[in-house]
Number of protein chains: 2
Amino acid sequence: MTYCVGVLLETGIVLLSDTRTNAGFDNIASYKKMFVFEEPGERVIALMTAGSLSVTQTLVARLRDAVDDPEHSTVKSVLAAPTMLEAANIVGDALSEVTASIAEKLGRMNQTASASLILAGQRKGGGLRMFLIYPEGNYIEATAETPFLQIGEHKYGKPILDRVVTMDMGIADAKKALLLSMDSTLRSNLSVGMPLDLAVISKDEYRVGQTRRYESGDPAFAAMSEAWSRVLREGFSRIEA
Amino acid sequence: MTYCVGVLLETGIVLLSDTRTNAGFDNIASYKKMFVFEEPGERVIALMTAGSLSVTQTLVARLRDAVDDPEHSTVKSVLAAPTMLEAANIVGDALSEVTASIAEKLGRMNQTASASLILAGQRKGGGLRMFLIYPEGNYIEATAETPFLQIGEHKYGKPILDRVVTMDMGIADAKKALLLSMDSTLRSNLSVGMPLDLAVISKDEYRVGQTRRYESGDPAFAAMSEAWSRVLREGFSRIEA
């Protein structure tokens, strides 16, 4: 499985993904699940993927081909999309096609493969927008009422987000909230694993301004995780039931 | 859905269940999911249920009939079981039979119904034991390494349990841990709802020594929930990411 989470803020977008993939418990590997398409200063689109690797790799390869060589691609370039909504349409349609073509092969073996996505970004003339694209290709958008979107193993890390995330929080706090949400998921579910990829898109910069990979044993992540455990344990012993 | 959780301690067993059931979002009701069979001072068995109400109600009715009138029942009485393991066998077998008979009817409509259970208790001459019974009727047992068992919507409330629950914690702390685990689940998932049922079986008392129903708006539960939110928010703002 996977855990990817993004939050839409007034001042930017913060995205965090894990990298674990597995085909059964004896075939575990690490694959990047965060992909960036950008024309710095003009437009930026980031994509996070959860689901079958055969679907997500093919999808990303097609989207990349379309950006590199739009004339010879059946998929439209997301960087040529006039709005983020149109970019979500392009990615949703491509996902639906890739899934259908793979499903046809897998159907013969009574198997299925699917994926869900988080698409986020901004282009000049438009605002910051973030979408969750379902396996069928349709999508929903993050709003002030629901500023965070999750794909994959989303339940373990939801309680902390429900409690602290608001659209008007700062980027630093949002990073902390996503990292703690990921930390809870890592501790409770083996199918989500380090390293982690973090990316920040600040408003009106039209580029990924900050990326960070947290390798297993990253001292900053370990210290934060330990500090959070201390907060929980001390708070637990202090409150009355 | 449902959330039920139990913890096996050196000094007792603490059980907590919600009461929400729903058949679609426009048909929500409240049903007890915790059932006690006891011969106080001799043996006590508590059962928590998650899953299709048609399965769990029929199961509990059969188990109750077997206790009340063992001679005319096809199911053995759980109170006559010589060990808790044998009680788990009886309940697992009964669950399997009830599920099979209901599945036969539902199969004609391409539907399924199933349930999972937590069974806990003690009888004179034996120790405290707790089992998770799967829909198929097989089961696993709580141990020192894994002292808590969950059924239903278990993911939201697992991170807090993973961090604080140990077999050597006291009954008061275990109650607090289960209530906080439930609180996180209630906040993040609409299909789990108040009121809650709590039960405590202290070691070598062979009875449910303490029960408590937390109605919606219960001041003690609300105060604890608010205190925990404060702990999380204050801790969140204090730690560095």
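Since this is a predicted model, take the numbers as computed values, not measurements.

Quick notes on the rules
- Residues numbered from 1 in each chain as written.
- Chains lettered and ligands numbered in written order.
- Predicted model: local features only at pLDDT ≥ 70, side-chain atom pairs only at ≥ 80, totals over all residues.
- Heavy atoms only, no water.
- Contact = heavy atoms within 4.5 Å.
- Buried area = accessible area lost by both parts, 1.4 Å probe.
- Salt bridge = Lys/Arg side-chain N within 4 Å of Asp/Glu carboxyl O.
- Polar contact = N/O pair within 3.5 Å; in protein donor to acceptor, adjacent residues only side chain to side chain.
- Helix = DSSP H or I, 4+ residues; strand = E, 2+ residues; numbered from the N terminus.
- Buried < 20%, exposed > 50% of the residue type's maximum accessible area, 1.4 Å probe, protein only.
- Pairing = 2+ DSSP bridges.
- Expected span 1.5 Å × (residues − 1).
- Least-squares fit on C-alpha atoms with pLDDT ≥ 70 in both.
- Axes fitted to C-alpha atoms, helices over the stretch in contact; angles between N-to-C directions.
- pLDDT = per-residue confidence, 0-100.

Draft legend 1. Structural context of the interface of chain B and chain A. Across the contact, 32 residues belong to chain B and 32 residues belong to chain A. In this assembly, chain B packs against chain A so that about 3,100 Å² is buried in total across both faces, 67% of it on carbon and sulfur atoms. The largest per-residue losses of area from chain B upon contact with chain A belong to Arg 163, Phe 236 and Ile 239 of chain B, which jointly make up 27% of the total buried on that side. For the pair chain B and chain A, the interface holds 4 salt bridges. Glu 153 of chain B serves as the salt-bridge partner of Lys 155 of chain A, at 2.9 Å between the closest nitrogen and oxygen. Scanning the region where chain B abuts chain A turns up 14 residue pairs in polar contact (both at pLDDT 80 or more). Listing elements by their share of the side of chain B that touches chain A, those giving two or more residues are α3 (158-164), α4 (171-188) and α5 (219-238) of chain B.

Draft legend 2. The arrangement of the pairing of strand β7 (residues 115-123) of chain B in detail. All names here are of chain B. Of all the 9 residues making up β7, 9 are buried; the element is thus mostly covered by neighbouring parts of the structure. Neither face of β7 is left uncovered, since the one carrying Ala 115, Leu 117, Leu 119, Gly 121 and Arg 123 and the one carrying Ser 116, Ile 118, Ala 120 and Gln 122 both have all their residues buried. The sheet contact formed by strand β6 (residues 43-51) and β7 spans 9 bridges and is antiparallel. When the bridges of β7 are listed, Ala 46 appears paired with Ala 120. Count of turn residues in the β7/strand β8 (residues 129-133) antiparallel hairpin: 5 residues, of which Gly 125 carries a positive phi of about 95°.

Draft legend 3. How the structure looks around α4 of chain B. Taking 1.5 Å per residue, 18 residues should reach 26 Å; α4 of chain B reaches 26 Å between its end C-alpha atoms and fits that length. Of all 18 residues in α4 of chain B, 15 are buried; the element is thus mostly enclosed.

Draft legend 4. Region of the structure containing the relation of the copies chain B and chain A. Mapping chain B onto chain A is achieved by rotating through 180° and translating by 0.0 Å along the same axis, at an RMSD of 0.0 Å. Look at the turn and shift together and you get a two-fold axis relating the two. No C-alpha of chain B lies nearer the rotation axis than that of Tyr 156 of chain B, which sits 2.3 Å from it. Residue by residue, 100% of the interface of chain B is reproduced at the interface of chain A, so both copies engage with the same surface.

Draft legend 5. Just the sheet that holds strand β12 (residues 210-214) of chain B, in detail. Residue and element names in this part refer to chain B. Read across the sheet, 5 strands follow the order β10-β1-β2-β11-β12 without closing on themselves; strand pairing throughout is antiparallel. If you trace the sheet from one side to the other, it starts and ends with β10 (148-152) and β12, each paired once. Within the sheet, the average angular offset between the axes of one strand and its neighbour, ignoring direction, is 10°. As paired elements, strand β1 (residues 3-8) and strand β2 (residues 12-17) share 5 bridges and run antiparallel to each other.

Draft legend 6. The sheet that holds strand β9 (residues 139-141) of chain A, seen in detail. All names here are of chain A. Strand order in the open sheet formed by 5 strands is β5-β6-β7-β8-β9, and the pairing between neighbours is antiparallel. What marks the edges here is a single partner per strand, and that holds for β5 (34-39) and β9. Looking at each pair of strands side by side, their axes are set apart by 20° on average, direction ignored. Where β5 lies against strand β6 (residues 43-51), 6 bridges are found, and the strand directions are antiparallel. Looking across to β6, one finds that Met 34 is bridged to Met 48. The strands touched by helix α2 (residues 84-107) are β6, β7 (115-123), β8 (129-133) and β9; relative to β7, the strand with the most contacts, the crossing angle is about 155°.

Draft legend 7. Region of the structure containing the confidence of the model for chain A. Residue-level pLDDT values for chain A average 93, and 99% of them are 70 or greater. Model confidence for the complex is summarised by a pTM of 0.90, with the ipTM given as 0.85.

Draft legend 8. Quick peek at the pattern of salt bridges. Tallied over the full model, the rule gives 32 salt bridges over all chains. Note that Asp 183 of chain B and Arg 187 of chain B form a salt bridge whose closest N and O atoms lie 3.6 Å from each other. Here Asp 183 of chain B and its partner Arg 187 of chain B are both found in helix α4, 4 residues apart, which amounts to about one turn of the helix. Given a relative accessible area of 39%, Arg 187 of chain B falls into the partly exposed group. Several salt bridges share partner residues, and in doing so they unite Glu 39, Glu 42, Arg 43 and Lys 124 of chain A into one network.

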